[in-house]
Amino acid sequence: MESLLQHLERFSELLAVSRTTHVSTWDPTTVRRALQWARYLRHVHRRFGRHVRIRTALERRLRSQWRQKGASGSAAVPGLNFQALGRCDLLLSLRLLENRALGDAACHYLLQQLFPGPGVPDADEETLQGSLARLARRRSAVHMLLFNGYGENSVLEESVLKTQAELLLERLGEVPKAEAEGRSRFLSTLWDRLPQKNFLKVIAAALLLPPSSPRPQGEELELDTPKTPGEGGQELVHWLLARSDVMAAFCHDLPVGLLASVAGRHPEFSRAYLGLLTDWGRHLHYDLQKGTWVGAEPQHVSWEELYGRFQSLCQAPPPLKDEVLTALESCKAQDGDFQVPGLSIWTDLFLALGSGS
Amino acid sequence: MAQDLVGFSSDYQFWMQKLSLWDQASTLETQQDTCLHLPRFQEFLRQLYEVLKEMDSNTIIERFPTIGQLLAKTCWNPFILAFDESQKILMWCLCCLINKEPQNSEESKLNSWTRGLLSHILSGFRFDTKEVGLFTQGLGYVPADYCPGLLKNMVLSLVSELRENHLNGFNTQRRMVPEKIRFLSRVCIPLVTLPDIEPLVEALLTCHGHEPQEVLWPEFFDAVNEAFLLKKISLPTSAVVCLWLRHLPSLEKATLHLFEKLISSERNFLRRIECFLKDSLLPEAACHPAIFRIVDEMFRYALLETDGAPEVLVAVQGFTRCFVEALEKKNKQLKFTFKTYFPYASPSLVTVLLQRPEDIPQELWHQPLKHISEMLREIVEDQTHGSYGGPFECWFLFIHFGGWADIAAEQLVMSEAEPSEALLWLLAFSCSPHDGSPQRAQTMVEVKAVLSRLKKLLRSPILSAKDLQAAAAESQDRDPRPPLCQQLIRRLLLNFLLWAPGGHVNAREVIALMAPSDEIAHDMTGFLDQTLYRWDHLRMEAPRSRKLARELLAELRMVGTAMQGPGSPRPRDVMRRPFLRGMSAENEP
């Protein structure tokens, strides 16, 4: 076991090095050894994928190897996980191919290994040649579907978001639960490091992923189990609600309909969202001259926007719709339960929604 | 060899021009043209590789100075990269250009350039925006990690859009415009054999839009059909049926493909024929009357073209059997009357023919047989040719259910009573439909005579091959028997052998006497194989008969291999039925 773990460590280092200019010192023998190690680890993945204990040990060791980035205190950049071992030879090969620093002799040897030609029986899909060809084929497929695309591509953009969401949940699931606050720290780091607009959209997509079937209990694991989005989704919501700045950005930037869908799926979120909306509402006062509700400061949300948000929430199916109306009613009651417009924003909203719905 | 190179050079020029024309295949015309040429271009790439792998990098540049352009243009055409194995062969070609030890800057540059292209094929097409790229990198992923997942999500998304389109019709907001559906069908052409794309192919086939005319690209249907026939794609039956209903040439190709398999395969294994038939999905698809009619038409044509070759007859029978089986399974869903499948036939005749002998007790088999015989006779002998077609149409319908003729022969041989006229007529008709009344009557008389001689043999305890031969002998004072009549008599003899209670028969002796030629041996083998098969279906026990049948078969097969000397062709024309010649002139409505 220990030798296996050492192997794993050495290979991770190798993989890291394969991107650097250090490979200029590699000769064909080095390349051969690297490919052999990769092949061995792939074999390990296949063999031990279903053994919980070995797999867990390997996963732990892999995680401990994720490179520390920058100053102390910042979390590690995720690297190889156990699933990636299943294609580690592919990953290594791609890195070496893209690395211009690799010498000509080493490169020539590498290409001979990667593309031996027609003699090799390709019926066995597991050959490296086959995997590379399949990757190239899939990439052109994605390209053709995305870019030769016909007109608007919103449907396909959704797929890109969905894929990112799946990746996010996968990484999230890898942070061990035992680590206190580990997962929220991880998310916070991502928020600080990654483009935020996109991140918000990905969070929404992750919260809307269809719930997958529960993982089978017991010793037997599937080789490439997708992590259950169910529990990942919960973690995300908790983190989102704990970070008021993120929550505010989330609710401000994302389309109103999308937020309504998220609220429909996650009751905790809908409560927080409603809370936020009532907060926003309280900032508005009635301007007698203009005859409408306005905010005291420019960053306050406008009447139209507030109304739009409530309207979209009311278009959702129950129980969300009922929840929203109940909340509005109670706000209206607290404010004095006026029936006439212009006195309480909640009354006005209620009236406007009532006539609309 | 020089000739090859000349041909190759002109091919090279041709493809060079094409690639320049196609550029990155971003317009409808270039996409269409590329798709049309994909298989041929792949073939060219293979040939190119064979040429390049023999040379070193410098020789290649000398010999093909524009090879860089050719390969680069190929790399930039996603349709080519997406097709089958083209991307792999292209990478092989590029590897040939790599120099292990570049001697000068030129060679270094070439190496660098080639590596760039290889890199492009594997990592080139960027499908993420800057933000997405940062996101995935920030999570520690590379495109190779998430490309399969992304493709899967894209396919799922498109499939659900197509299905919504299919279900909701005019009012849905997410309705896919026909141009986009057509575009998708074009994009799928090179990708048809990629398993990830299969749900999209299925959705395109089964989700009909709301346009009156066909929306999908015809080459799409061709590509899917081709992949299906070569078993490179696995589609549910419903999708294949949609394919054939929407694109007639695909159905025709599939039927021809089946014919080739049935007729060129080891001819006498009915079980294998049944496997091929079921595999092809055609019998099941034929539950749609439109498909049945077309396939049936092709069978009819094949029969006419081959003058009633026994292989085709067996194929028709097998097909009909599988078809009826499929029909019965679907009985709850599809409700077409039999008339839709056999519009030119008498409905009562079809109903009787469709009866399954296994559903009727054996002692009552003579009833439907008599019924069939009478109805056929009535139609055939009706001079005005009525509305049910002439003799050929009747015969064609009848041989779909050829099992009845075999049962008739058995009945004649097994029964103690006088051979019934109806059965005699049926047999004579089935083996020789074009005969006029006099010839048929003559045949019936001959058969009757043979049968009565055979009945006498029943009393003797031991049967010898010579006895059989004597029973079957032609009488000297009449005209020699036509070959078809001879074949019929031979089969009756075999039947008799299998069913006669008396004594043992020496299989070797029998075969030696009865099967003097290769062709006759072949005919007898087919007959015995069919008989055993039929007994299985009818669940007839008859252990002694089966044993004998198997012995005869074994003997025939040994003789068959002995007779086939090296290089001796099989004389198939001898047994061709002459009766169908001239029948094609009969144009049935």
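Once a new chain begins, its residue numbering starts again from 1 and follows that chain's sequence as written. Labels are handed out in written order, letters beginning with A for the chains and numbers beginning with 1 for the ligands. Reporting of local features is limited, given that this is a predicted model, to residues whose pLDDT is at least 70; pairs of side-chain atoms are given and counted only at 80 or more, and all residues count toward the totals for whole chains, interfaces and linings. Hydrogens and water are ignored here; the side-chain numbers use all heavy atoms of the structure.

The name given to chain B in an unreviewed UniProt entry is Fanconi anemia group C protein homolog, and the organism recorded there is Ursus maritimus. What the UniProt record of chain B gives under Function (unreviewed entry) is the line "DNA repair protein that may operate in a postreplication repair or a cell cycle checkpoint function. May be implicated in interstrand DNA cross-link repair and in the maintenance of normal chromosome stability. Upon IFNG induction, may facilitate STAT1 activation by recruiting STAT1 to IFNGR1." UniProt positions are given in the numbering used here, feature names are shortened, and annotations may be inferred rather than shown by experiment.

Per an unreviewed UniProt entry, the recorded name for chain A is Fanconi anemia group F protein, and the organism is Ursus maritimus. The heading Subcellular location (unreviewed entry) in the UniProt record of chain A holds the text "Nucleus". Heading Function (unreviewed entry) of the UniProt record for chain A holds this comment: "DNA repair protein that may operate in a postreplication repair or a cell cycle checkpoint function. May be implicated in interstrand DNA cross-link repair and in the maintenance of normal chromosome stability."

J.: So what exactly am I meant to see when it comes to the overall build of chain A here?
T.: From N to C terminus, chain A includes 17 helices and two strands. With 357 residues in all, chain A has 47% of them scored as buried. The criterion used for residue contact is that any of the two residues' heavy atoms lie within 4.5 Å. Counting only contacts in chain A whose residues sit at least 6 apart along the sequence, the fraction spanning at least 24 positions is 65%. Carbon together with sulfur atoms contributes 52% to the accessible area of chain A, which is approximately 17,400 Å² in total. The helix and strand labels rest on DSSP assignments: H or I over at least four residues marks a helix, E over at least two residues marks a strand, and numbering proceeds from the N terminus. Accessibility here uses a 1.4 Å probe with only protein chains present; expressed as a share of the type maximum, an area under 20% marks a residue as buried, one over 50% as exposed, and anything in between as partly exposed. The method behind every accessible area is Shrake-Rupley, applied with a 1.4 Å probe, and residues are considered shielded solely by the protein chains displayed.

J.: What should I look at first to understand the overall build of chain B in this one?
T.: Within chain B one finds 30 helices and zero strands. Expressed as a percentage of its 589 residues, the buried residues of chain B come to 54%. For chain B, restricting intrachain contacts to residue pairs at least 6 apart in sequence, the fraction spanning at least 24 positions comes to 72%. Accessible area for chain B stands at about 26,800 Å²; split by element, carbon and sulfur atoms hold 55% of it.

J.: How do you make sense of the confidence of the model for chain A when you look at a structure like this?
T.: Predicted coordinates in regions of low pLDDT should not be interpreted in detail. Residues and elements named next belong to chain A. On average, residues of chain A score 83 in pLDDT, and 86% of them are at 70 or above. Within chain A, no element has a lower average pLDDT than helix H17 (residues 345–356), which sits at 78, and none a higher one than helix H10 (residues 196–207), at 94. pLDDT: the predictor's confidence for each residue, scored from 0 to 100. Segment residues 69–74 is flagged for pLDDT under 50; beyond a separation of four residues in sequence, or across chains, it makes four contacts in the model. Contacts from residues 214–227, a stretch scored under 50 in pLDDT, to residues over four places away or in other chains number 25 contacts.

J.: Please clarify how unusual backbone geometry should be interpreted in this entry.
T.: What is expected of a backbone is that most residues other than glycine have negative phi and most peptide bonds are trans. Across the junction of Pro318 of chain A and Pro319 of chain A, the peptide omega takes the value 10 degrees, indicating a cis bond. Residue position: Pro319 of chain A is located in the loop between helix H15 (303–314) and helix H16 (320–334). Phi at Leu281 of chain B takes a positive value of approximately 65 degrees, unusual for a residue other than glycine. Tracing the backbone shows Leu281 of chain B in the loop between helix H15 (270–280) and helix H16 (282–285).

J.: Help me understand the interface of chain B and chain A in this model?
T.: The extent of an interface is frequently quoted as the accessible surface area lost upon association of the parts. Across the boundary between the two partners, chain B contributes 69 residues, which contact 65 residues of chain A. When two parts are put together, the accessible area they lose, computed with a 1.4 Å probe and summed over both, is reported as buried area. Across the interface of chain B and chain A, roughly 6,300 Å² is buried in total on both sides, 67% from carbon and sulfur atoms. Sorting the residues of chain B by area buried against chain A places Arg115, Leu122 and Phe135 of chain B first, and these three jointly supply 13% of that buried surface. Any Lys or Arg side-chain nitrogen found within 4 Å of a carboxyl oxygen on Asp or Glu counts as a salt bridge. Counting across the interface, chain B meets chain A through two salt bridges. Ionic pairing is found between Asp196 of chain B and Arg138 of chain A, a salt bridge with its closest N-O pair at 3.1 Å. N or O atoms closer than or at 3.5 Å make up a polar contact, with two conditions inside protein: a donor-capable atom paired with an acceptor-capable one, and, for residues adjacent in sequence, both atoms drawn from side chains. Our count for the contact surface shared by chain B and chain A stands at 19 residue pairs in polar contact (both at pLDDT 80 or more). Counting residues per element, the ones that place at least two in the side of chain B that touches chain A are helix H2 (28–52), helix H5 (78–82), helix H6 (86–97), helix H7 (105–123), helix H8 (130–138), helix H9 (143–168) and helix H10 (178–191) of chain B. With 15 residues, H9 of chain B is the largest single contributor of residues to the side of chain B that touches chain A. When residue character is reported, Ala, Val, Leu, Ile, Met, Phe, Trp, Tyr, Cys and Pro are called nonpolar, Asp, Glu, Lys and Arg charged, and the others, Gly included, polar. Taken together, the residues that form the side of chain B that touches chain A break down as 40 nonpolar, 17 polar and 12 charged.

J.: What's the story with the pairing of strand S1 (residues 284–287) of chain A in this structure? I'm lost.
T.: A regular strand places its side chains on the two faces of the sheet in alternate fashion. Residue and element names in this part refer to chain A. Strand pairing is assigned whenever DSSP detects at least two bridges linking the two strands. Note: S1 against strand S2 (residues 292–295), four bridges, orientation antiparallel. Counted as the bridge partner of Asp287 is Thr292 from S2. Here S1 folds back onto S2, and the loop between the two strands holds four residues, one of which, Gly291, carries a positive phi near 75 degrees.

J.: Which parts of the structure should I look at to understand the side chain of Arg183 of chain A?
T.: Residue and element names in this part refer to chain A. Among the secondary structure elements, Arg183 is positioned in helix H9 (residues 182–193). With relative accessibility at 7%, the residue Arg183 sits in the buried group. At a separation of 2.8 Å, a polar atom in the side chain of Arg183 contacts the main-chain carbonyl oxygen of Val175. Discounting chain neighbours no more than four positions away, the residues touching Arg183 are Leu172, Gly173, Val175, Pro176, Lys177, Glu231 and Glu235.

J.: Would you mind showing me how to read the pattern of salt bridges here?
T.: It is possible for side chains of opposite charge to pair when their charged atoms get near one another. In total, this model carries 35 salt bridges over all chains according to the counting rule given. In this structure, the salt-bridge partner of Glu214 of chain B is Arg246 of chain B, at a minimum N-O distance of 2.9 Å. Taken together, the residues Glu214 of chain B in the loop between helix H11 (198–206) and helix H12 (218–229) and Arg246 of chain B in helix H13 (residues 237–246) connect sequence positions 32 residues apart. Take Glu214 of chain B: its relative accessible area is 34%, and that puts it in the partly exposed class. A cluster of three or more residues bridged by salt bridges with shared partners is formed by Glu2, Glu9 and Arg61 of chain A.

J.: Teacher, can you tell me more about the side chain of Ser123 of chain B here?
T.: Turning to its location among the elements, Ser123 of chain B is positioned in helix H7. In this structure, Ser123 of chain B is in contact with Leu94, Glu98 and Arg139 of chain A, ignoring residues within four places of it in sequence.

J.: For this particular structure, what's the right way to read the environment of Tyr533 of chain B?
T.: Residues and elements named next belong to chain B. Within the secondary structure, Tyr533 sits in helix H29 (residues 518–538). Its relative accessible area of 4% is what places Tyr533 among the buried residues. As a C-alpha pair, Tyr533 and Leu270 span 263 residues in sequence and 7.2 Å in three-dimensional space.

J.: Whenever I open this one, the confidence of the model for chain B confuses me. Can you help?
T.: Residue and element names in this part refer to chain B. Residues at a pLDDT of 70 or more form 88% of chain B, whose mean pLDDT is 83. Across residues 565–589, where pLDDT falls below 50, the model places 48 contacts with residues more than four positions away in sequence or in other chains. Model confidence for the complex is summarised by a pTM of 0.86, with the ipTM given as 0.89.

J.: Help me out: how do you make sense of the environment of Ile462 of chain B in this one?
T.: All names here are of chain B. Here Ile462 lies in the loop between helix H25 (437–457) and helix H26 (465–472). Look at Ile462 and you get exposed, because its relative accessible area is 60%. Through-space distance from the C-alpha of Ile462 to that of Arg491 is 20 Å; in sequence the pair is 29 residues apart.

J.: Looking at this structure, how should I read a nonpolar patch on the surface?
T.: A cluster of nonpolar side chains, contributed by Phe338, Val340 and Leu343 of chain A, occupies part of the molecular surface with about 270 Å² of accessible area. With respect to the helices and strands, the residue Leu343 of chain A is situated in the loop between H16 and H17. Patches here are clusters of residues that have more than 30% relative accessible area and form no salt bridge, with a 9 Å joining cutoff for like charges and a 5 Å cutoff for nonpolar side chains (Val, Leu, Ile, Met, Phe, Trp, Tyr).

J.: How should the environment of Trp425 of chain B be read in this particular structure?
T.: Residues and elements named next belong to chain B. When you line up the elements, Trp425 lands in helix H24 (residues 421–431). The sequence separation of Trp425 and Thr443 amounts to 18 residues, and the corresponding C-alpha distance is 8.8 Å. Beyond its immediate sequence surroundings of up to four residues, Trp425 is in contact with Ser373, Leu376, Arg377, Val380, Glu381, Arg440 and Met444.

J.: What's the story with the packing of aromatic side chains in this structure? I'm lost.
T.: Working definition: an aromatic ring pair is given by the centre-to-centre distance plus the angle between the planes. Two rings from Phe, Tyr or Trp (for Trp, the six-membered ring) form a pair when their centres sit within 6.5 Å of each other. Planes less than 30 degrees apart are called stacked, planes more than 60 degrees apart edge-to-face, and all others tilted. Counted according to the given criterion, the structure contains 34 aromatic pairs over all chains. Ring centres of Tyr49 of chain B and Trp92 of chain B lie 5.1 Å apart, and the angle between their planes is 45 degrees; on these two criteria the pair is classed as tilted. Of this pair, Tyr49 of chain B sits in helix H2 while Trp92 of chain B sits in helix H6, and the two are 43 residues apart along the sequence. With a relative accessible area of 6%, Trp92 of chain B lands in the buried category. A network of ring pairs unites the aromatic residues Phe8, Tyr12, Phe14, Trp15, Trp22, Phe41, Phe44 and Phe64 of chain B as a single cluster. Two limits define a charge over a ring: the Lys NZ or Arg CZ must be within 6 Å of the ring centre, and within 35 degrees of the ring normal. Over the face of the ring belonging to Tyr141 of chain B we find Arg171 of chain A, whose NZ or CZ atom lies 4.1 Å from the ring centre.

J.: I tried to follow the packing of helix H18 (residues 310–329) of chain B against helix H22 (residues 391–400) of chain B on my own but got confused; where do I start?
T.: Two packed helices can be described by the angle between their axes and the distance between those axes. All names here are of chain B. Note on geometry: axes are lines fitted to C-alpha atoms, helical ones only across the stretch in contact, with angles between N-to-C directions running from 0 to 180 degrees. Orientation of H18 relative to H22, taken along the N-to-C sense of each, is 60 degrees, at an axis distance of 8 Å. If you check the angle between H18 and H22, you find them oblique. Within the contact between the two elements, H18 uses Leu313, Val316, Gln317 and Thr320 and H22 uses Trp395, Ile399 and His400. Per-class residue counts for the contact of H18 with H22 are four nonpolar, three polar and no charged. Each angle receives one of four descriptions, namely roughly parallel if under 35 degrees, roughly antiparallel if over 145, roughly perpendicular if within 65 to 115, and oblique otherwise.

J.: Could you clarify how one ought to interpret the state of the cysteines in this entry?
T.: Among covalent bonds in proteins, the disulfide is the one between the sulfur atoms of two cysteines. What counts as a disulfide here is a pair of cysteine sulfur atoms lying within 2.5 Å. Applying the stated criterion to the full structure yields zero disulfides over all chains. The thiol of Cys107 of chain A is unpaired, and the distance to the nearest cysteine sulfur, on Cys95 of chain B, comes to 8.3 Å. For Cys107 of chain A, a relative accessible area of 2% corresponds to the buried category. No disulfide involves Cys96 of chain B; its nearest neighbouring cysteine sulfur is the one of Cys93 of chain B, lying 6.1 Å away. Here Cys96 of chain B falls in the buried class, since its relative accessible area comes to 15%.

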